[in-house]
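If you want the building blocks of each chain, they are given just below.
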Amino acid sequence: MDKSNDAVSDPSTQPTFSEWTLGPHLARRLVEIGATDVFSVSGDFNVKLLDQFIAEPRLKVVGCCNELNAAYAADGFARSCGVGVCLVTFTVGGLSVINAVAGAYSEDLPVICIVGGPNSNDYGTYRILHHTIGLPDFSQEMRCFQTVTCYQAVVNDLDHAHEQIDTAISTALKESKPVYISVSCNLPAISHPTFSREPVPFSLSPRLSNKMGLEAAVEVAAKFLNKAVKPVLVGGPKLRVAKACGEFVELADACGYALATMPSAKGLVPEHHPHFIGTYWGAVSTAFCAEIVESADAYLFAGPIFNDYSSVGYSLLLKKEKAIIVQPDRVVIANGPAFGCVLMKDFLSALAKRLKHNKTAYENYRSVTNGDLHKCESNEASMVNVLFHHIQKMLSGDTVVIVETGDSWFNCQKLKLPEGCGYEFQMQYGSVGWSVGATLGYAQAAKNKRVIACIGDGSFQVTAQDVSTMLRCGQRSIIFLINNGAYTIASGIQDGPYNVIKNWNYTGLVDAIDDGEGKCWTTKVRCEKELNEAIATATGEKKDCLCFIEVKIQKNDKSKELLVWGPRVSAANNRPPAEPSENLI
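Under an unreviewed UniProt entry, the chain has the name pyruvate decarboxylase and belongs to Rhododendron griersonianum. Per UniProt, the chain has the following entry under Catalytic activity (unreviewed entry): "a 2-oxocarboxylate + H(+) = an aldehyde + CO2". Quoted straight from UniProt, the Subunit (unreviewed entry) entry for the chain says "Homotetramer."

Below, the structure written as C-alpha cells:
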C-alpha cells in the first residue's frame, strides 16, 4: 500500500536524529518540486552540502566542467521539467554562474542557484577569506545576484534556515524567476529540530484575475476585434510563463483568425494548427507572414517581447491603434484602455467565447501561397540550406531542437515543427555558448526525446567542455557543429577581423574527450552525400550514442534572413543620440 500520504503522521517515516539536518531537508525539497538533477561544480565551501545531496537516492548530482555550463544546464533542465538547480562554491563559483542566471531571468525560468558559503562563525569577524576579493564583507556575491534573481537567502544560522529555504524555493516557483540561496559550509550536516519532521508539501496559492477587470477587458477586446475585417493572432514568448499556451490555441480554434508566432515563441504555438501561417519577424518573416500580419486591421499579440532583435532594429510595420497587447497579468487595447490584474489565460479563454468566427486573413494567406506552406528548400549551392533541408526530415514528436545564437536562429525558424517536437532557444538574452549547457540539461531531463542541437563553431568554442558531461551521463543527442570559421551573426551585424576565429579539429576534440570509451560517434561532412550518410548512421547504427556531426560550410554561406536582419540591427545600434525609435509597440 502506498503510504506516501501518511508521511507526516506515521512515525516510521520520520527522519532519524542524524537526518534532522539542513542538507537532507533541502535535497527532499528539490525532489518534491521535480528538480531531480542538480548541476554542480565542487569546491571547498560546498562539498558538505554535496555529500548530503549525494546521499539522497532520488537526487542525481551531475558534475559539470565549469560553473557557467552548470547554470546553463539548469536553464535547459528547467525548460523541460519546469525548474532547474545548480550548486557551486562561494564567489569564484557564484560569480561564474551569474551570466547564465541572468539568461534564465530573461526567459522567466525558475532556476535555483545554491552556493556553498563561508563558515557561519566567520560572518561579522572581519576576517579575510579565500575565494573573495580580499575584503571582510562577504555580501559581495549576494549583492551581485540581487539584480538577476527575484529572491536572495543567506543561510548562516539554523534557526531560520527552514523558513529561508522554503521561501526561496516557493518564490522561484511563484515568480518563475531564478533565486539565490547561500548555505554556510558548516551547516548542512548539523542536526536541528526544525528539520525533524517531513516538510509539508508546497502548495502555492493560485493567482486570480480581478473579476470586474477581466469582464471589462473581454468586453472591450471583443468589440474591437469583432468589428475588424481581417484580424490576426500572434503568439509571443510570455505565453510560457503565463502558462497560457492551451488557452491561446483555444482562442485560435474559436475565432478562425490567421495564427502566427514571434520568433522567440517558436515551439510554444503548434505549427500543425490548421490556421498557422508562420513566424512573424518583420522583414525576415517566413514567406507572406509579414504581409498578412502587417496588413491586418487588428492584431492580438499574446505575451510579446518587442526588443531590437525581435523587431529587426525597430522596423516592424505595426500600429499601436490596431493592437491588443496581452501580457501575463495585463491587457492593453490600442491606445487605451489598459486593464491590470487580468491573467492572460483567463482573458484568452473568456475572449474565445465572445469572438465571431472570421477566416478572412487566413483565406488571404491561402490565396497568396496556394496552400504551399513553409517548404524548406534544398539548394546545392548552399550547404546551409542543404543541412536544414535534411534536419527538417529528422524531426518528429520524439525530438527537440536546441538552437544556438547565430545564423541557426534564422535557418531553424524555417523548420516546420511536427506535433510534439520541442524547440528551445534564447533570443532575449542571446548568450553565445548557451546551447552546450542547455543541451546537457534538457537531455538530462527529457530522456524520452532525442535532442538535435544546432551550434556554430564560435559558440561551441565558448562552452565545449561539457560535451564531456553529456558523455558521462550517457546522453544520445545529435550535435550539428556548423563550421564556417567565424562569428557569423556578429559579422552579419558588423563585419571585422574580430569575428574571425581559429579553426579547431572539432571532431578530433570530441574524440579526445571520449577517450576511446565508445560512447560517441563523430564525423565531418562537406557535401550532401556525406551528410545523408552521417544522418543515416546517427539515426540508425549510432542511435544510442552521442553523435557529433561537423558540417563544413563556406564563410559567406549565410541565410538571406541574416543578410536583411543584420544591417537593420546595426542601423539601430548606431542611431545618433536623441533619435527616437518608431514603429515599436
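Student: For this particular structure, what's the right way to read the overall build of the chain?
Tutor: Check the secondary structure of the chain and you find 21 helices and 19 strands. Rg of the C-alpha trace for the chain: 25 Å, near the compact-globule value of 25 Å for 585 residues, within the 12% margin. When the 585 residues of the chain are sorted by exposure, 57% land in the buried category. Expressed as a percentage of contacts within the chain between residues at least 6 apart in sequence, the contacts between residues at least 24 apart total 76%. Summing over all exposed atoms, the chain offers an accessible surface of approximately 23,700 Å²; the carbon and sulfur share of this is 52%. Computing the positive centroid from 53 side-chain charges and the negative centroid from 61, the chain places the two 5 Å apart.

Student: What is the right way to look at the pairing of strand β1 (residues 37–40) in this model?
Tutor: It is a general feature of regular strands that their side chains alternate between the two faces of the sheet. Burial along β1 is two-sided: D37 and F39 and V38 and S40, pointing in opposite directions, are all buried. The sheet contact formed by β1 and strand β2 (residues 60–63) spans four bridges and is parallel. Across the sheet, F39 pairs through a bridge with V62, a residue of β2. For the crossover that starts at β1, traverses helix α2 (residues 47–54) and ends in the parallel β2, the hand is right-handed.

Student: What should I look at first to understand the pairing of strand β10 (residues 299–302) in this one?
Tutor: With burial as the criterion, each face of β10 is covered, one bearing Y299 and F301 and the other bearing L300 and A302. Sheet analysis places strand β7 (residues 232–235) next to β10, joined by four bridges and oriented parallel. Bridged to L233 within β10 is L300. Strand direction decides the pairing type here: β10 and strand β11 (residues 323–327), joined by four bridges, are parallel.

Student: Sorry if this is basic, but what is going on with the environment of N358 here?
Tutor: Here N358 lies in the loop between α11 (344–352) and α12 (360–369). Distance in space between the C-alpha atoms of N358 and V229 is 8.0 Å, their sequence separation being 129 residues. Side chain to side chain, N358 and T360 meet in a polar contact 2.8 Å long.

Student: What is the right way to read the environment of S191 from this model?
Tutor: One can find S191 in the loop between β6 (179–184) and α7 (211–226). Taking C-alpha positions, S191 is 27 Å from Y126, a pair spaced 65 residues apart along the chain.

About the criteria used
- Residues numbered from 1 in each chain as written.
- Predicted model: local features only at pLDDT ≥ 70, side-chain atom pairs only at ≥ 80, totals over all residues.
- Heavy atoms only, no water.
- UniProt positions renumbered as here; feature names shortened; annotations may be inferred.
- Helix = DSSP H or I, 4+ residues; strand = E, 2+ residues; numbered from the N terminus.
- Rg over C-alpha atoms; globule rule 2.2 N^0.38 Å.
- Buried < 20%, exposed > 50% of the residue type's maximum accessible area, 1.4 Å probe, protein only.
- Contact = heavy atoms within 4.5 Å.
- Areas by Shrake-Rupley, 256 points an atom, 1.4 Å probe, with all protein chains shown as cover.
- Lys, Arg positive; Asp, Glu negative; His and termini not counted.
- Charge placed at Lys NZ, Arg CZ, Asp CG, Glu CD.
- Pairing = 2+ DSSP bridges.
- Right-handed = clockwise from strand over helix to strand, strands pointing away.
- Polar contact = N/O pair within 3.5 Å; in protein donor to acceptor, adjacent residues only side chain to side chain.

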